[in-house]
Amino acid sequence: MKKIAANALEKLFAAAKKDGIDLKAVSGFRSYATQKAIFERNASIKGAAVANKTSARPGQSEHQTGLSMDISSASVGYALEQSFGNTKEGKWLKANAPKYGFIIRYGKGQEKLTGYSYEPWHVRYVGVYIAGEITKQNLTLEQYLQKNQ
Ligand SMILES: [Zn+2]
């Protein structure tokens, strides 16, 4: 992860701990080769159409930017699944991530706009100001960037 995002994540985790919320960083930076392997494995199991919505093609994953992290909790066995969004940890993350510059990148009901399934575990660092604006206005990052070109 890039230093600016890693520092912000550290603050986020410290704040969670203070609130009695146990979060764990599950998956951060991925190399091109790793992303390629993930996509190809998903495509072979689920088919290319499903793989496109649930994993990125190599070169297109946000995990290759060094600004994204997958976060989970013991309550879901540290799995990356949509039920994380209903746990107290997932709810805490959604409510508090913007204070530290992160957004839930692929929101519920935003599938058509982001092109991805709902991922309550995947946060992306965009900085405190932009994270606040995106959250306040209930936008996707795509919509925010389009509005502020
Ligand atoms: Zn992710």
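Residues numbered from 1 in each chain as written. Predicted model: local features only at pLDDT ≥ 70, side-chain atom pairs only at ≥ 80, totals over all residues. Heavy atoms only, no water.

The subject of this paragraph is the overall build of the protein. Helices and strands together make up the secondary structure of the protein, namely seven helices and four strands. Along its sequence from the N terminus, the protein presents helices and strands in the succession α-β-α-α-β-α-β-α-β-α-α. Viewed in the frame of its principal axes, the protein has a C-alpha envelope of about 40 × 40 × 30 Å. Expressed as a percentage of the 149 residues in the protein, the buried residues total 45%. By sequence separation, contacts in the protein at least 24 residues apart represent 64% of the contacts at least 6 residues apart. Accessible area for the protein stands at about 8,200 Å²; split by element, carbon and sulfur atoms hold 53% of it. (Helix = DSSP H or I, 4+ residues; strand = E, 2+ residues; numbered from the N terminus. Buried < 20%, exposed > 50% of the residue type's maximum accessible area, 1.4 Å probe, protein only. Contact = heavy atoms within 4.5 Å. Areas by Shrake-Rupley, 256 points an atom, 1.4 Å probe, with all protein chains shown as cover.)

Here we come to helix 4 (residues 88-96). Of the positions making up helix 4, those classed as buried are Glu89, Gly90, Trp92, Leu93 and Asn96. Looking straight down helix 4, one finds its buried side chains confined to an arc of 160°; they lie on one side. What points out from helix 4, more than 90 degrees from its buried face, is the exposed set Lys88, Lys91, Lys94 and Ala95. For helix 4, the secondary structure elements touched by its buried residues are helix 1 (3-18), strand 2 (68-72), strand 3 (102-106) and strand 4 (119-125). (Arc of directions from axis to C-beta.)

So, on to helix 2 (residues 32-46). For helix 2, spanning 15 residues, the distance from its first C-alpha to its last is 21 Å, which sits close to the expected 21 Å at 1.5 Å a residue. Where helix 2 is concerned, the buried positions are Gln35, Ile38, Phe39 and Asn42. All buried residues of helix 2 project into a common sector of 95° when viewed along the axis, lining one side. Exposed side of helix 2, more than 90 degrees from the buried face: Ala33 and Ser44 are the residues found there. Elements in contact with the buried residues of helix 2: helix 3 (48-54). Positive phi shows up at Gly47, right after helix 2, with a value of about 95°. (Expected span 1.5 Å × (residues − 1).)

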